[in-house]
Amino acid sequence: MIFQDFVFYSLASVVIICALGVITLRNPVYSVLLLVLAFVTSSGLWILLEAEFLAIALVVVYVGAVMVLFLFVVMMLDINLDQMREGFWKWFPFGAILAFIMTVEMSMVLMSKQFSSEIIQTPEYKSVDYSNTKELGRLIYTEYVYVFELAAVILLVAMVAAIAITLRHRTDKKSSNASRQIAVSRNERLKVISMPAEKKE
C-alpha cells in the first residue's frame, strides 16, 4: 500500500464516521460540527484527485459560509428534541426504502462500464500550463451547460420553496402593506369635515 492509498482510506473512514454521527447524534450542534469535519475531509479527497479548485470551493463556500450559518441558526433556535423524535418510527419504513433505492442506484453506477478509476490524461493534461479550473469552466459552459442551468433552476425553486414553507404571518407585529397604500384613492386618504366657527365670548 502506497502512502496515497493510506491517506485516501484514512480520509474516507473519517468521512463515513462523521456522516454516521450527523444522522445519529441527538444534539444538533454536534451534528453540524461533524458535518463541518466531513466537508473538510472531503476537500482532502478532492486534493488527492488533483481537483484543487473544488477542494478550495468546498472549504470556502460550505465550511466558511453555509455551515457557519447553520451552526448559528441551530444554536440560536430553541429546538425541542423530544418533539423532533416523535415521528421517527412512523417514517422509518419510508426512509429505509428510500435508502435502499439510493444504494441500489449507486451500486449500479459503480459497477457500470462507464465508471472507471483510471484517470484519462489528455495531451493538455500533461503540459505545464494545464489548469483544472479552466477545464472545469470549459466543460460546465460548453458540454454540460444545459445540465448546469437545470441544476441552478432546481436549486432556485428549492430555495424559494424553503422560504415559502417557513414563512409565517405574525399577528403580534405591526407592518405596513405597500400595495394597499398605493391602491388607496384620494377620497380615502383625505376627508374634509365641516366644523362650526368658534364664537368669542
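Because the structure is predicted, anything quoted here is derived from the model rather than measured.

So, on to the UniProt feature "transmembrane region" (unreviewed entry) in the protein. What UniProt calls "transmembrane region" (unreviewed entry) maps, in this numbering, to residues 6-25, 32-49, 55-79, 91-111 and 144-167. Taken end to end, residues 6-25 is 95% helix and 0% strand, and its two terminal C-alpha atoms sit 28 Å from one another. Its end C-alpha atoms 30 Å apart, residues 91-111 is made of 95% helix and 0% strand.

Moving on, we come to the nonpolar core. Residues Val32, Phe39, Leu58, Val63, Met67 and Val74 constitute the largest nonpolar core, which totals six residues. Secondary-structure elements contributing two or more residues to this core are helix H2 (28-48) and helix H3 (52-76). When residues in this core are grouped by element, the largest group, four residues, is from H3. Leave out the neighbours within four places in its chain, and Met67 touches Val32, Leu35, Val36, Phe39 and Tyr62.

Turning to the packing of aromatic side chains, a few remarks are in order. Aromatic ring pairs: the centre-centre distance and the angle between the two ring planes describe each pair. Scanning all chains against the criterion turns up three aromatic pairs. Ring plane angle 70° and centroid distance 5.4 Å describe the contact between Phe8 and Tyr9, whose orientation is recorded as edge-to-face. Aromatic side chains Phe39 and Tyr62 sit 5.3 Å apart centroid to centroid with 45° between the ring planes, which places their arrangement in the tilted category. Note that Phe39 is positioned in helix H2 and Tyr62 in helix H3, a separation of 23 residues in sequence.

Conventions used here
- Residues numbered from 1 in each chain as written.
- Predicted model: local features only at pLDDT ≥ 70, side-chain atom pairs only at ≥ 80, totals over all residues.
- Heavy atoms only, no water.
- UniProt positions renumbered as here; feature names shortened; annotations may be inferred.
- Helix = DSSP H or I, 4+ residues; strand = E, 2+ residues; numbered from the N terminus.
- Core = buried A, V, L, I, M, F, W, Y, C linked by side-chain atoms within 4.5 Å.
- Buried < 20%, exposed > 50% of the residue type's maximum accessible area, 1.4 Å probe, protein only.
- Contact = heavy atoms within 4.5 Å.
- Phe/Tyr/Trp six-rings, centres within 6.5 Å; stacked < 30°, edge-to-face > 60°.

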